[in-house]
Amino acid sequence: MITEQVSIKHSGRDLYAREKVLNSAIIAADISSGCEEYLQIFDAFYADQVEVSDGTERGAVFGRERIRALLLKFLVPIHILAEIGGLSVKIRESPILGDTADETNSAWSVDLIGVSGRTCQICWSTLRRWADSRVVYERHYDHQQTGGPLTFDDLRLSLSRASVGDQRPS
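Everything quoted here is computed from the prediction, not taken from an experiment.

Draft legend 1. Broad picture of unusual backbone geometry. One non-glycine residue with positive phi stands out, namely Asp102, at about 65 degrees. One can find Asp102 in the loop between β3 (88-96) and β4 (103-113). Taking relative accessible area as the criterion, Asp102 reaches 46% and is therefore assigned partly exposed.

Here's what the structure looks like:
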């Protein structure tokens, strides 16, 4: 019995250490440099048969390749806006204590800050289930947004005459 309790406590520490490494990697990645770092993190920490959900049945996506495609669809526009438009992205995470073995919970927030100084903050919580040091299930819930969407005026996206050609009639 004591050996079993020690084993559970040890595996729990490993689980929380792995969660901390995953979350730290996500926070440290630089979206303005590209999406590759996020894809490497995903490949390193998520199981091949992972399920990701927004909490609704229709929102569940199965398998690393399908989720990878959705991740790219989400990250590429943010990368372009950060690299070309001057968008600043700040990510924060706070652990949420849970009491279920092989599960971790955390609260996330992302600040999207335009060159104008205007900010849109998106917050949500994440529940992860782990098996063999890989995430096998991830659910995002409690989504909130503060501030409206950023507009063209909030970014550094201007077209020059040279980029669109001379628009004068011949």
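Draft legend 2. Helix α2 (residues 36-45), seen in detail. Turning to α2, its buried residues are Tyr38, Leu39, Ile41, Phe42 and Phe45. Considered in projection along α2, the buried side chains sweep an arc of 155 degrees and stay on one side of the axis. Exposed residues pointing more than 90 degrees away from the buried face of α2 are listed as Glu36 and Gln40.

Draft legend 3. Region of the structure containing the packing of aromatic side chains. A full pass over the atoms with the stated rule returns 2 aromatic pairs. Summarising the aromatic geometry, the rings of Trp108 and Trp124 are spaced 6.3 Å apart at their centres and angled 10 degrees between planes, so their arrangement reads as stacked. In this pair, Trp108 is assigned in strand β4 and Trp124 in strand β5 (residues 119-131), connecting sequence segments 16 residues apart. Look at Trp124 and you get buried, because its relative accessible area is 17%. Directly above the aromatic system of Tyr141 lies the positively charged group of Arg139, at a separation of 4.5 Å from the ring centroid.

Draft legend 4. Spatial organisation of the sheet that holds strand β6 (residues 134-146). Here we have 6 strands laid out as an open sheet, ordered β2-β1-β6-β5-β4-β3, and mixed in their pairing. At either end of the open sheet lies a strand with only one pairing partner, and these are β2 (61-62) and β3. Of the strands in this sheet, β1 (46-53), β3, β5 and β6 are in contact with α2, which crosses β1 at around 105 degrees. Strands in contact with helix α3 (residues 64-83) are β1, β2, β3 and β6; relative to β1, the strand with the most contacts, it is inclined by about 65 degrees.

Draft legend 5. Looking closely at the pattern of salt bridges. One pass over the full model with this rule turns up 8 salt bridges. Glu19 is the salt-bridge partner of Arg128, the closest N and O atoms lying 3.0 Å from each other. You can see Arg128 sitting in strand β5 and its partner Glu19 sitting in helix α1 (residues 2-28), a full 109 residues away along the chain. On the accessibility criterion, Arg128 (2% relative accessible area) is buried. Residue classification places Glu19 among the buried residues on the basis of a relative accessible area of 6%. Arg68 is the partner of Asp43 in a salt bridge, and the nearest nitrogen-oxygen pair spans 2.8 Å.

Parameters and conventions
- Chains are numbered independently. Their residues run from 1 in the order of the written sequence.
- It should be noted that, the model being predicted, local features are given only for residues of pLDDT at least 70 and side-chain atom pairs only at 80 or more, the latter also being counted only at that level, while totals for whole chains, interfaces and linings use all residues.
- The basis for the side-chain values is all heavy atoms of the structure; hydrogens and waters are excluded.
- Per the convention used, a helix needs a DSSP run of H or I reaching at least four residues, while a strand needs a run of E reaching at least two, with both numbered from the N terminus.
- Relative accessibility decides the category of a residue: with a 1.4 Å probe and only protein chains considered, values under 20% of the type maximum give buried, values over 50% give exposed, and everything between is partly exposed.
- The arc refers to the directions leading from the helix axis to the C-beta atoms.
- Only rings of Phe, Tyr and Trp enter the pairing, Trp through its six-membered ring, and a pair is recorded when the two centres are within 6.5 Å. The plane angle decides the type: under 30 degrees is stacked, over 60 is edge-to-face, the rest tilted.
- Here, a charge over a ring means that NZ of Lys or CZ of Arg falls within 6 Å of the ring centre while also lying within 35 degrees of the ring normal.
- In this analysis, strands are considered paired if DSSP registers two or more bridges between them.
- Between two residues, a contact is recorded if the distance between any of their heavy atoms is within 4.5 Å.
- Lines fitted to the C-alpha atoms define the axes, with helices restricted to the stretch that makes contact. Angles between their N-to-C directions range from 0 to 180 degrees.
- Any carboxyl oxygen of Asp or Glu that lies within 4 Å of a side-chain nitrogen of Lys or Arg is treated as forming a salt bridge with it.

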